[in-house]
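Tertiary structure, described
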Amino acid sequence: MVLLLGTLGGDGVPVHRPAQPRPAVSAVPVAAAPSPSPTPAASPSASPTFHDGDGRFGAFITTGSPAVALTFDDGPDPINTPKLLEMLRERHIHATFCMVGFRVRDRPDLVRAIYADGHTLCNHSWQHLLNLAQRDDAYIDWDLKHTNDMIRAVVGQDAPIRYFRAPGGNFTPALVAKARALGMDSISWDVDPRDWEHTHDSGASAHISRVVSHVKGHTRPGSIVLSHDNGQPNTITAYRTLLPWLQERFTLEGLPASGL
């Protein structure tokens, strides 16, 4: 995942990604233009409690507990997500799914399966614009709210959506504040195996080995691990090895519905 604005390494120091991006999510025409003065929807939590996270601009890069959170971005994917759900179900592991709004619209059955299995729901924007934070306020408000509305239209109006992840991890103070206004903590990560980046690998086997090695070498108690179910079949293969290894060494939990 390419960060146009930079992100954090495991030591908390900003790291700038190379310029070559992974293929971007295709932009999908929005159903209606946002109004000049949109009104954010109320969070299903009556009075959510917020505090700044340990990452840039108040986002969270760790869970703040011994638990490790596995997070999967950009889905749901019609091929990879069902395979991942089956693997997690077999091991009784809960994860966090950061979902793109238009894919929620297109794959409601998978969103219902994610929710029914007890995984945590996370808003990953409507169409994965890497420059989302630079769009005008009306669009950003519409984007985040419309994504939440779509998720709740699929799984129920009371579904907790307590987390937001900016596309590319490109958070700004204003974007974190807008997510908070909608009842969401902003989550980043401290473990990034760059499972989307295949350029430097000689083939699938080398790519899978690199992803497995990175996650094993960098995961610590409290880590938030970034991975992708959308469009990354090799990630699913890597997690066939990683899930038992991680489960033997860490407590694996979905991010709490009450927030971090």
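What counts as what
Residues numbered from 1 in each chain as written. Predicted model: local features only at pLDDT ≥ 70, side-chain atom pairs only at ≥ 80, totals over all residues. Heavy atoms only, no water. Helix = DSSP H or I, 4+ residues; strand = E, 2+ residues; numbered from the N terminus. Pairing = 2+ DSSP bridges. Axes fitted to C-alpha atoms, helices over the stretch in contact; angles between N-to-C directions. Parallel < 35°, antiparallel > 145°, perpendicular 65-115°, else oblique. Left-handed = near helix turned anticlockwise from the far one by under 90°. Contact = heavy atoms within 4.5 Å. Nonpolar A, V, L, I, M, F, W, Y, C, P; charged D, E, K, R; others polar. Buried < 20%, exposed > 50% of the residue type's maximum accessible area, 1.4 Å probe, protein only.

1. Structural notes on unusual backbone geometry
For the bond running from Gly75 to Pro76, omega is 5 degrees, close enough to zero to count as cis. With phi around 60 degrees, Phe57 is a residue other than glycine that occupies positive phi space. Along the chain, the position of Phe57 falls in the loop between strand S2 (14–15) and strand S3 (69–75). In this structure, Asp74 is a non-glycine residue whose phi angle is positive, near 80 degrees. Position of Asp74 relative to the elements: it lies in strand S3.

2. Digging into the sheet that holds strand S5 (residues 120–123)
If you trace the 6 strands from one edge of the open sheet to the other, you get S7-S6-S5-S4-S3-S8, paired in parallel fashion. Of all the strands in the sheet, just strand S7 (185–186) and strand S8 (224–228) have a single pairing partner and so form its edges. Where strand S4 (residues 96–99) lies against S5, 4 bridges are found, and the strand directions are parallel. Residue pairing across strands places Met99 opposite Asn123, the latter belonging to S5.

3. Comments concerning the environment of Trp142
Relative to the helices and strands, Trp142 is located in helix H4 (residues 137–155). Sequence spacing of Trp142 and Trp126 is 16 residues, and the spatial spacing of their C-alpha atoms is 9.1 Å.

4. Side note on the packing of helix H1 (residues 80–90) against helix H3 (residues 108–116)
Contact geometry of H1 with H3 gives a least axis separation of 11 Å together with a crossing angle of 15 degrees. Comparing their axes, H3 and H1 come out roughly parallel. Where H1 crosses over H3, the handedness of that crossing is left-handed. In this structure, H1 contributes Thr81, Pro82 and Leu85 to the contact, and H3 contributes Leu110, Ala113 and Ile114. Each residue belonging to the contact of H1 with H3 can be placed in one class, and the counts come to 5 nonpolar, 1 polar and no charged.

5. Details of the pairing of S5
Along S5, one buried face is formed by Thr120 and Cys122 and the opposite face, lined by Leu121 and Asn123, is buried too. Relative to strand S6 (residues 163–164), S5 is paired through 2 bridges, and the arrangement is parallel. The residue bridging Asn123 from the neighbouring strand is Phe164, located in S6.

6. With respect to the packing of helix H6 (residues 204–218) against helix H7 (residues 233–249)
At their nearest, the axes of H6 and H7 sit 9 Å apart, and the two run at 35 degrees to each other. Crossing of H6 over H7 shows right-handed handedness. Contact residues: H6 offers Ala204, His207, Ile208, Val211, Val212, Val215 and Lys216, while H7 offers Asn234, Thr237, Ala238, Thr241, Leu242, Trp245 and Leu246. Residue composition of the contact of H6 with H7, grouped by class: 9 nonpolar, 4 polar and 1 charged.

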